[in-house]
Amino acid sequence: SVTGGAGNVGLTGSTGTYGRGGAVPVGNISTLGDLSVTAASGFLGMMGTNTANRMTFLSGGSFATSVNATSFTVTGTGQPFLVSTRHLGGTNGSVYLRYATTVTTNGGAITFGGGNTLGTDYSKASGVASGTHPATFDGFRSWEAITLNSSDGDITIRGASASASAPNGWAAWGVGFD
């Protein structure tokens, strides 16, 4: 849990293990300034209630929210909420929004993408296992109800499924809502 004043909050982490146990988990952050969280390697896991003037989440791998309700509130007028996976390039970086994720902005854009620090490419999975990380095939996937409210800002979701064939019983969605 991090509580900031009027200043910005910037957090950077990395992990040598990708997959089960290989996360940079962060959550319950409140600041009047901007929030920027970067996972240089592994995946970025966000949880709890998060509030800031604007929000940027960059992950060298995938981005996921907790199995408990996770909320993001951007308070700055016209300020964005951005998630970009594979921000350093790479081939594997999906977005997983789980169980009642809520994103609210005050007229700012909501963007889920990948490939660079602006999220102008796709979040995507490689379809190949890496170390302890099992093969995944979805670019963007949400479970149960999620809420994206941009108050007239743009909402962009860029997801691409793996180009590998998914095995029997697996899905391979570019953008999927369960």
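Residues numbered from 1 in each chain as written. Predicted model: local features only at pLDDT ≥ 70, side-chain atom pairs only at ≥ 80, totals over all residues. Heavy atoms only, no water.

Enquirer: Would you mind going over the overall build of the chain in detail, with residue names and values included?
Expert: A count of helical and extended segments in the chain gives zero helices and 20 strands. Burial analysis of the chain (178 residues in total) assigns 47% to the buried set. Here the analysis covers contacts within the chain between residues at least 6 apart in sequence; of these, 62% occur between residues at least 24 apart. Only carbon and sulfur atoms are counted for the fraction: they give 50% of the accessible area of the chain, which is about 7,700 Å². (Helix = DSSP H or I, 4+ residues; strand = E, 2+ residues; numbered from the N terminus. Buried < 20%, exposed > 50% of the residue type's maximum accessible area, 1.4 Å probe, protein only. Contact = heavy atoms within 4.5 Å. Areas by Shrake-Rupley, 256 points an atom, 1.4 Å probe, with all protein chains shown as cover.)

Enquirer: Explain the pairing of strand E14 (residues 110–114) to me, and be specific about the residues and the numbers.
Expert: Among the five residues of E14, five are classified as buried, and the element is accordingly described as predominantly covered. Of the two faces of E14, both are covered, the one formed by Ile110, Phe112 and Gly114 as well as the one formed by Thr111 and Gly113. When strand E11 (residues 81–85) meets E14, the two strands line up parallel, connected through five bridges. Each residue of the ladder has a partner; that of Val83, found in E14, is Phe112. (Pairing = 2+ DSSP bridges.)

Enquirer: Explain the packing of aromatic side chains to me, using residue names and the numbers behind them.
Expert: Applying the stated criterion across every chain, the model contains eight aromatic pairs. These aromatic residues form a ring-pair network of at least three members: Phe57, Phe63, Phe72, Phe81, Phe112, Phe140 and Phe177. Stacked on the ring of Trp173, the Lys or Arg Arg141 has its end atom at 4.6 Å from the ring centre. (Phe/Tyr/Trp six-rings, centres within 6.5 Å; stacked < 30°, edge-to-face > 60°. Lys NZ or Arg CZ within 6 Å of the ring centre and 35° of its normal.)

Enquirer: Provide a residue-level description of unusual backbone geometry, including the pertinent values.
Expert: In the Ramachandran plot, Ala100 falls in the positive-phi region, its phi being about 65° despite a non-glycine side chain. Mapped onto the elements, Ala100 comes out in the loop between strand E12 (95–98) and strand E13 (102–106). Despite not being glycine, Asp152 shows a phi value in the positive range, around 85°. Summarising the element assignment, Asp152 is placed in the loop between strand E17 (147–149) and strand E18 (155–157). When its relative accessible area of 83% is taken as the criterion, Asp152 is described as exposed.

Enquirer: Describe in detail the pattern of salt bridges, supporting the description with residues and values.
Expert: Evaluation of the coordinates by the stated rule reveals three salt bridges. Residue Asp121 is joined to Arg86 by a salt bridge in which the shortest nitrogen-to-oxygen separation is 3.2 Å. Separated by 35 residues along the polypeptide, Asp121 in the loop between E14 and strand E15 (123–124) and Arg86 in the loop between E11 and E12 bring together distant segments of the chain. Judged by relative accessible area, which is 30%, Asp121 ranks as partly exposed. Judged by its relative accessible area of 3%, Arg86 falls in the buried class. Of the charged contacts, one joins Asp138 and Arg141 as a salt bridge, the two residues approaching to 3.1 Å between their closest N and O atoms. Exposure class is identical for Asp138 and Arg141. Each is buried. Within the structure, one salt-bridge network assembled from shared partners comprises Asp138, Arg141 and Asp178. (Salt bridge = Lys/Arg side-chain N within 4 Å of Asp/Glu carboxyl O.)

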